[in-house]
Amino acid sequence: MIREFTSTEVLFIVAAIRWTLILSAIAFLGGAIGGLIIALSRTSRKKSLRRIAAGFIQVFQGTPLLMQLFLVYFGLAVVGLPINPLVAAAVALTLHASAYLGEIWRGAIEAVPQGQSEASTALALSYRDRMQHVILPQALRLAIAPTVGFLVQLIKGTSLASIIGFTELTRAGQIINNATFKPFLVFGTVAALYFILCWPLSLLARRMETRMRRAITR
Amino acid sequence: MYQFNFQPVFDSLDLLAYGAWLTVKLSLMAMVLGFGVSVLGAVGKTSGIKPLRWLIDIYVEVIRNTPFLIQIFFIYFGLPAVGLSMSPNSAALLALVINVGAYGTEIIRSGIESIPKGQIEAGRALGLNPVQIFRYVVIRPALRNIYPSLTSQFIYLMLTSSVVSVISANDLASAGADLNARTFASFEIYLTLTVIYFLLALAFSTAFGMIRRVFFSYPASR
């Protein structure tokens, strides 16, 4: 029995956006914490920390997100945990976001002039004070545009969670497509919904970037 | 305690090596064709013909703000509904070319815009024709300026190409999925795949570095 593609089906797809948003939010928050740790390690004075962080970034930026998802998904069984698509997707996307945000924020931290760091040391500020009150606030200003840009990439990345069976926007589209067999319409709708989520963020990122460039070249 | 079993992987190394070769082939084709699309897109966008610019803008924004997975579903499942059906492999290549073309268009456009107007005028003053100006004064230095962004986009494309396994196009991830369906050594198989993808990314990165030294190290080397 083939169902029609009616408002009920559209609503089912639209309602699945919340899972895309929840997954994106978890990965972004987790990635923000992980990314800060990676960025601080990457710019640390300890060589071993810098090496570990660089390796982490290289591994996660040098392998497909799809493979990372599969590895975490099947890895849960290896460490004896029950297999759960939401947990697997959240963990994999968090690690992925940590690597990318870590690399973006490392760049921002390194872009703060060296003199700022030296001045803080000369004022006898501790590492914590120096980072918290001098370096990071200035780095934040530089980091915000590329961070919003990465958020777009992350939202798009959550679509791969459908492959390990988590029902978010893409998987909702597949389910409706299997019932109605209107792929052109269904995937067109899903694409439009992603576009509505991502495009404003892309525009925002671009506007912030132009404003930042103007502020720097002034 | 989980018992690791890499035997199925060792038994099928030839299969995985062949899969890796398919991924390299698919990525290389998508890079070459995608590069062509990118140059055309960038030229169109900087041409000053307004309707053309709008069309390219729509293409770039739509592709960059929707997931690759949806793009490939749309091409493979959606297009046959309007009479355009193709094999999984063709759909995979088409989707990758369209995808990387959008990112490449933006990257190369920024490269073209980084060329100072005075250089083009100097080229004209030297009596170069428009084709020569485009080739020697605009595109070559433009490519040199954006080479790192473009090649990291290409490596990202190679990694993204693993997604084509969802429509069973032939590649490394599909080879792994087949092996997984037969042996169920899932973690071991995907760990191996991840390592192979990592090595492929390193290989591409090294190759791009060598190409850079050959084509873009002027004028220092001459």
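This structure is a prediction, so every number in the text was calculated from the model and none was measured. (Residues numbered from 1 in each chain as written. Chains lettered and ligands numbered in written order. Predicted model: local features only at pLDDT ≥ 70, side-chain atom pairs only at ≥ 80, totals over all residues.)

## Considering the overall build of chain A
Of the regular secondary structure elements, chain A holds nine helices and zero strands. Reading the helices (α) and strands (β) of chain A from amino to carboxyl end gives α-α-α-α-α-α-α-α-α. The dimensions of chain A, computed from C-alpha atoms along their principal axes, are 75 × 50 × 25 Å. For chain A, buried positions account for 43% of its 218 residues. Sequence-distant contacts, at least 24 apart, represent 75% of the contacts inside chain A between residues at least 6 apart. (Helix = DSSP H or I, 4+ residues; strand = E, 2+ residues; numbered from the N terminus. Buried ≥ 20, exposed ≤ 12 C-beta atoms within 10 Å, placed from the backbone. Contact = placed C-beta atoms within 7 Å.)

## Quick word on the overall build of chain B
Of regular secondary structure, chain B possesses nine helices and zero strands. N-terminal to C-terminal, the α/β element order of chain B is α-α-α-α-α-α-α-α-α. Projected onto its principal axes, the C-alpha coordinates of chain B cover approximately 75 × 50 × 25 Å. A buried classification covers 40% of the 222 residues belonging to chain B. Taking the intrachain contacts of chain B between residues at least 6 apart in sequence as the baseline, contacts between residues at least 24 apart amount to 78%.

## What about the interface of chain A and chain B?
Taken residue by residue, the interface counts 30 residues in chain A and 31 residues in chain B. Where the side of chain A that touches chain B is concerned, the elements lending two or more residues are α4 (65-78), α7 (127-157), α8 (169-180) and α9 (183-217) of chain A. Take the side of chain A that touches chain B: its biggest share by element is 11 residues, from α9 of chain A. Here the side of chain A that touches chain B is composed, by residue class, of 21 nonpolar, eight polar and one charged. (Nonpolar A, V, L, I, M, F, W, Y, C, P; charged D, E, K, R; others polar.)

## As for unusual backbone geometry
Residue and element names in this part refer to chain A. The phi torsion at Ala 124 lies on the positive side, around 65 degrees, for a residue other than glycine. Positive phi outside glycine occurs at Phe 181, with the angle close to 50 degrees. The topology assignment puts Phe 181 in the loop between α8 and α9. For Phe 181, a count of 14 C-beta atoms within 10 Å puts it in the partly exposed group.

## Some details on the confidence of the model for chain B
Summing up the model confidence of chain B, the mean pLDDT is 94 and the portion of residues at 70 or higher is 99%. Note on the complex model: pTM 0.93, ipTM 0.93. (pLDDT = per-residue confidence, 0-100.)

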